[in-house]
Amino acid sequence: MLFRGKMAKKAKITIIGAGNVGATIGFSVMHKGIAGEILLIDVAKDKAEGEAMDLAHCADFCPPVKVRSGDYGDAEGSDFVVVAGGAARKPGQTRLELADVNVRIMRDIMAQIVPRAPDAVYVIVSNPVDVLTYAWIRLSGLPRNRVVGSGTMLDCSRLKNAVASDLSVDPRDVNVWVLGEHGDSSFAVWDSATVGGRDLREMYLEKGVPFDGEALMDAVRGGGADVIRRKGSTFYAVAMSVATLIEKMVEDAGAYVSVSSILNLEGVGDVCVSLPCSVGSDGVRDTSVPALDPGEAVSLSESAGAVRKVLDSLNLT
Ligand SMILES: NC(=O)c1ccc[n+]([C@@H]2O[C@H](COP(=O)([O-])OP(=O)(O)OC[C@H]3O[C@@H](n4cnc5c(N)ncnc54)[C@H](O)[C@@H]3O)[C@@H](O)[C@H]2O)c1
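Here the structure is a predicted model, which is why all the values come from computation and not from measurement.

Undergrad: What's the story with the overall build of the chain in this structure? I'm lost.
TA: Each helix and strand in the chain was counted, giving 10 helices and 12 strands. Radius of gyration (C-alpha) of the chain: 19 Å, near the 20 Å computed for a compact globule of 317 residues. When its C-alpha atoms are laid out on the principal axes, the chain stretches across 55 × 45 × 40 Å. Sorting the 317 residues of the chain into buried and exposed places 52% on the buried side. Long-range contacts, defined here as pairs at least 24 residues apart, represent 70% of the contacts in the chain between residues at least 6 apart. Only carbon and sulfur atoms are counted for the fraction: they give 52% of the accessible area of the chain, which is about 13,800 Å². Positive and negative side-chain charges in the chain, numbering 33 and 41 respectively, have mean positions lying 4 Å apart.

So this is what it looks like as structure tokens:
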């Protein structure tokens, strides 16, 4: 096994796209102490170089790590490749509208990186993340378990934060899954949701706080757009979610996270959307379908249908 144990080698993490998201992922993984080497690649070479220099200047304040920018040839031996390059969402633009332009960019990136890092686990972050994760699996030739979309890990955190704020509790003690597309058709699974081991909705009742699941989920679905309207883009929360995902894969303990992977389930079909997945150093090991009430089962199927509709409009051969 790669990373466990005192003398084990730390991960080599290549990040493609050194924009707001990619550079902040670099910053976040540095704090985790899981990377021995971080390589930034971007078509804007000066930008990648500047970000790598700025990150390297953290040397005195974080666990040892070599940070540099480079070309695809430098990516050999990568344990993880994070794909955060491409166009970002403009105010008012949906993630799915980004699909066509970013699939073309993905084709260009995969042609260059996959031959150099054929054994890495690929974490897809660029949007629309479910569509692009599917495109990577279908077009790259990589085994499906080694392509993981960052999915709804971020949405789970947004919902936990909103619930925690309603109930005045620690967000980390809120257990609730947001599943489906990372986007407008995501949904929460309320029946299994707990706070401190208690039923989440009972907690609202007990604390005298009105529970409105749809309003909470509207805030989650609109959370990214709300930030983009105010500051132009989102990057801190997604970067922390990706760094946490990589940390869990490095730990290799089989943690469950809501990430996007390929599904071929009854009522879902041949798409990528998020379900709870067990992850390890070889990527996605297992996908779990939690107990869904009839409405949530419809939501999952509709969410998968929304992603499938975009996939059908693209030429993925
Ligand atoms: N999955 C999520 O939860 C989530 C959250 C936020 C943003 N995103 C997505 O992440 C992506 C990056 O967002 P950002 O805010 O960092 O954008 P950005 O514009 O700041 O950075 C994008 C970078 O990609 C680079 N790039 C473009 N084409 C490239 C190519 N062919 N090869 C290498 N690099 C290339 C650009 O030069 C730029 O530096 C977007 O698609 C955005 O929608 C995803």
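Read on, since the account is not over.
Undergrad: Explanation requested: the pairing of strand β2 (residues 35-41) in the structure shown.
TA: Walk down a regular strand and you will see the side chains alternate between the two sheet faces. The buried count for β2 comes to six of seven residues, which makes it a mostly enclosed element. Bridge count for strand β1 (residues 11-16) against β2 is six bridges, and the pairing is parallel. For K12, the partnering residue across the bridge sits in β2 and is E37. Inspection of the sheet shows β2 paired to strand β3 (residues 66-69) by four bridges, in the parallel sense.

Undergrad: What is the right way to look at the packing of helix α4 (residues 129-140) against helix α10 (residues 294-312) in this model?
TA: A packed helix pair is summarised by two numbers, namely the angle formed by the two axes and the spacing between the axes. Where α4 meets α10, the closest approach of the two axes is 10 Å, and the angle between their N-to-C directions is 55 degrees. Here α4 is positioned oblique relative to α10, judged by the angle of their axes. For the element pair α4 and α10, the recorded crossing hand is right-handed. For the pair α4 and α10, contact is made by D130, V131 and Y134 and by V307, R308, V310 and L311, respectively. Taken together, the residues of the contact of α4 with α10 break down into five nonpolar, no polar and two charged.

Undergrad: How do you make sense of helix α9 (residues 236-251) when you look at a structure like this?
TA: Helical geometry: 3.6 residues make up each α-helical turn, so side chains three or four residues apart lie on a common side. In this model, α9 (16 residues) spans 22 Å end to end at C-alpha, consistent with the 22 Å of a helix rising 1.5 Å per residue. Within α9, the full set of buried residues consists of V238, A239, S241, V242, A243, T244, L245, I246, E247, M249 and V250. D252 sits one or two residues past α9 and shows a positive phi near 60 degrees.

Undergrad: I keep staring at the nonpolar core and nothing clicks. Help me out?
TA: Most often, soluble globular proteins have nonpolar side chains that are buried together. Residues V81, V83, I109, I113, Y122, V131 and W136 are the most contacted members of the largest nonpolar core, which totals 43 residues. Apart from residues lying up to four places away in sequence, I113 is in contact with I16, Y72, A75, V81, Y122 and W136. Residues V21, L55, V242 and L245 belong to the second largest nonpolar core, which totals 41 residues.

Undergrad: Explanation requested: the environment of V307 in the structure shown.
TA: Take V307: it is sitting in helix α10. Relative accessible area serves as the criterion here: at 1%, V307 is assigned to the buried category. Put simply, V307 and V81 are 226 residues apart on the chain and 24 Å apart in space, counted from C-alpha to C-alpha. Discounting residues that sit within four places of it in the chain, V307 has contacts with D130, V131, E181, V271, C272 and V273.

Undergrad: Mind showing me how you'd approach the site of the ligand here?
TA: Around the ligand, the surrounding shell holds 27 residues, and the nearest of these are V21, D42, A87, V125 and H182. At 2.9 Å, a backbone N or O of A87 approaches an oxygen atom of the ligand. Within the side chain of H182, one N or O atom sits 3.0 Å away from an oxygen atom of the ligand. When the ligand sits alone it has 860 Å² of accessible area, and the protein chains cover 86% of it. Listed by contribution, the elements that provide at least two residues to the shell around the ligand are α1 (20-32) and α3 (99-113). Sort the elements by how many residues they give to the shell around the ligand and α3 lands first, with four residues. For the shell around the ligand, the residue count by class is 13 nonpolar, 11 polar and three charged.

Undergrad: What is the right way to read the pattern of salt bridges from this model?
TA: Pairing between side chains of opposite charge can happen when the charged atoms of each approach one another. A full pass over the atoms with the stated rule returns 18 salt bridges. Among the salt bridges present, the one from R68 reaches E37, with a minimum N-O distance of 3.1 Å. Highlighted residues: R68 in strand β3 and E37 in strand β2, separated in sequence by 31 residues. The salt bridge involving R308 is made with D312; its shortest N-O contact spans 2.8 Å. Placement of both R308 and D312 in helix α10 is noted, with a separation of four residues, approximately one turn of the helix. Residue D312 is classed as exposed on the basis of its relative accessible area, which comes to 56%. Overlapping salt bridges bring together K12, E37, R68 and D74 as one network.

Basis of the calculations
Residues numbered from 1 in each chain as written. Predicted model: local features only at pLDDT ≥ 70, side-chain atom pairs only at ≥ 80, totals over all residues. Heavy atoms only, no water. Helix = DSSP H or I, 4+ residues; strand = E, 2+ residues; numbered from the N terminus. Rg over C-alpha atoms; globule rule 2.2 N^0.38 Å. Buried < 20%, exposed > 50% of the residue type's maximum accessible area, 1.4 Å probe, protein only. Contact = heavy atoms within 4.5 Å. Areas by Shrake-Rupley, 256 points an atom, 1.4 Å probe, with all protein chains shown as cover. Lys, Arg positive; Asp, Glu negative; His and termini not counted. Charge placed at Lys NZ, Arg CZ, Asp CG, Glu CD. Pairing = 2+ DSSP bridges. Axes fitted to C-alpha atoms, helices over the stretch in contact; angles between N-to-C directions. Parallel < 35°, antiparallel > 145°, perpendicular 65-115°, else oblique. Left-handed = near helix turned anticlockwise from the far one by under 90°. Nonpolar A, V, L, I, M, F, W, Y, C, P; charged D, E, K, R; others polar. Expected span 1.5 Å × (residues − 1). Core = buried A, V, L, I, M, F, W, Y, C linked by side-chain atoms within 4.5 Å. Near = heavy atom within 4 Å. Polar contact = N/O pair within 3.5 Å; in protein donor to acceptor, adjacent residues only side chain to side chain. Salt bridge = Lys/Arg side-chain N within 4 Å of Asp/Glu carboxyl O.

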